Amino acid sequence: MATKDVKDVKDVKDDTAVAAASESKLYTRAEVAKHADPKDTWIIIHNNVYDVTPFLNEHPGGEEVLLEQGGTDASEPFEDIGHSTDARQMMESYKIGELIEEERTGDSGKKDRDWSSGTNDEDNSSSWRSWLIPIALGVLATLVYRYFISAH
Ligand code: HEM
């Protein structure tokens, strides 16, 4: 019994090792650039490399846009479209590897930064709004005061 348990654990470990190895295949931008053909289309999004060849016909945004980006870093246009969470999950199945460390951009945290700048904007507008009420009260008090002065 104990021996079987040990064997099971080992199997799980082996599977994880295989998954990790296939995920961490590293490419240079130059290598990716060679795959810019309708029969072989790779793109880079946020330092990950995707082989979108089987996805060209299925892409809801059309194959043209993917072919245009073939072999290049499409992180910006990908984010500009505002792809859904579904789209982001979908792209995982086309991932074939990552860029080599030296050629990565610092854009994997881009989403976090966007979120925080969004929060900052909100903070700014709410601090601006917090000034509006005292100013409005001040103006109102002046008007009421003037009204009483002129009335008496
Ligand atoms: C593996 C990568 C990609 C996947 C899995 C993917 C998936 C999708 C999905 C599921 C949609 C439907 C809308 C949504 O759910 O967000 C979509 C729309 C679209 N995608 Fe992509 N996409 C990928 C890469 C790209 C790239 C690189 C571009 C480059 C410009 C692009 C441009 C568009 C456009 C223009 C639309 C249509 C948006 C609309 O009709 O409002 N996609 N994509």
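Below or above, wherever it landed, is the structure these notes cover. For clarity, every value in this text was computed on a predicted model and none was experimentally measured. As a convention, each chain's residues are numbered from 1 in the sequence order in which they are written. Per-residue local features of the predicted model are confined to residues with pLDDT of at least 70, and side-chain atom pairs are confined, for both listing and counting, to 80 or more; whole-chain, interface and lining totals are unaffected and use all residues. Side-chain descriptors were evaluated using all non-hydrogen atoms of the structure, hydrogens and water having been removed beforehand.

Some points on the pattern of salt bridges
Moving on, step 1. We count a salt bridge whenever a side-chain nitrogen from Lys or Arg sits within 4 Å of a carboxyl oxygen from Asp or Glu. Counted according to the given criterion, the structure contains four salt bridges.
Moving on, step 2. Here Glu98 ties to Arg104 by a salt bridge, and the two come within 3.2 Å at their closest N and O atoms.
Moving on, step 3. Throughout this description, buried means an accessible area under 20% of the type-specific maximum (1.4 Å probe, protein chains only), exposed means over 50%, and partly exposed covers the range between. For Arg104, a relative accessible area of 30% puts it in the partly exposed group.
Moving on, step 4. By sharing partners, the salt bridges in this structure join Lys95, Glu98 and Arg104 into a single network.

Overview of the coordination of the iron atom of the ligand
Moving on, step 1. The donor set comprises N, O and S atoms within 2.8 Å of the metal, extended to 3.2 Å for Na, K and Ca; water molecules are omitted, so apparent gaps in a site may simply reflect that omission. Coordination of the iron atom of the ligand by the protein is provided by His59 (NE2) and His83 (NE2), with metal-donor distances spanning 2.0 Å.
Moving on, step 2. Metal sites are grouped by the angles between bound donors: all angles between 85 and 135 degrees with four donors is tetrahedral, opposite donors over 155 degrees apart with the others between 65 and 115 is square planar for four donors and octahedral for six, and any other pattern is irregular. Geometry at the iron atom of the ligand is octahedral, judged from its six donor atoms and the angles of 85 to 179° they form at the metal. Taken together, the positions of His59 in the loop between strand S4 (48-51) and helix H3 (63-69) and His83 in the loop between helix H4 (75-81) and helix H5 (85-92) put the pair 24 residues apart, joining distant regions of the chain.
Moving on, step 3. Judged by relative accessible area, which is 13%, His59 ranks as buried. Secondary structure is summarised from DSSP: a helix means a run of H or I of at least four residues, a strand means a run of E of at least two, and numbering begins at the N terminus for each.

A closer look at the pairing of S4
Moving on, step 1. Judged from the four bridges that link them, strand S3 (residues 40-45) and S4 form a sheet pairing that is antiparallel. Among the inter-strand pairings, Trp42 is bridged to a residue of S4, identified as Asp51.
Moving on, step 2. One bridge is not enough; two strands pair if DSSP finds at least two bridges between them. Between the antiparallel neighbours S3 and S4 lie two residues, among them His46 with a positive phi of about 50°.
Moving on, step 3. Bridge analysis of S4 against strand S5 (residues 95-99) gives three bridges, and the strand direction is antiparallel. What sits directly across from Asn48, in S5, is Glu98.

Quick word on the sheet that holds S5
Moving on, step 1. Taken together, five strands build an open sheet; the order of strands is S1-S5-S4-S3-S2 and the sheet is mixed. In the strand order of this sheet, the two ends are held by strand S1 (26-27) and strand S2 (36-37), each with one partner.

Details of the nonpolar core
Moving on, step 1. Side-chain atoms within 4.5 Å are what join buried Ala, Val, Leu, Ile, Met, Phe, Trp, Tyr and Cys residues into a set we call a nonpolar core. Counting residues in hydrophobic clusters, the biggest one holds 11 residues: Ile43, Ile45, Tyr50, Val52, Phe55, Leu56, Leu66, Ala74, Phe78, Met91 and Tyr94.
Moving on, step 2. Any two residues having at least one pair of non-hydrogen atoms within 4.5 Å are treated as being in contact. Residues within four places of Ile43 in sequence aside, it is in contact with Asn48, Val49, Tyr50, Val52, Leu66, Gln69, Gly70, Gly71 and Thr72.
Moving on, step 3. If you look at the next biggest cluster of nonpolar residues, it comprises six residues, including Val32, Trp42, Val49 and Leu99.

All quantities given are derived from atomic positions and should not be read as evidence of function.
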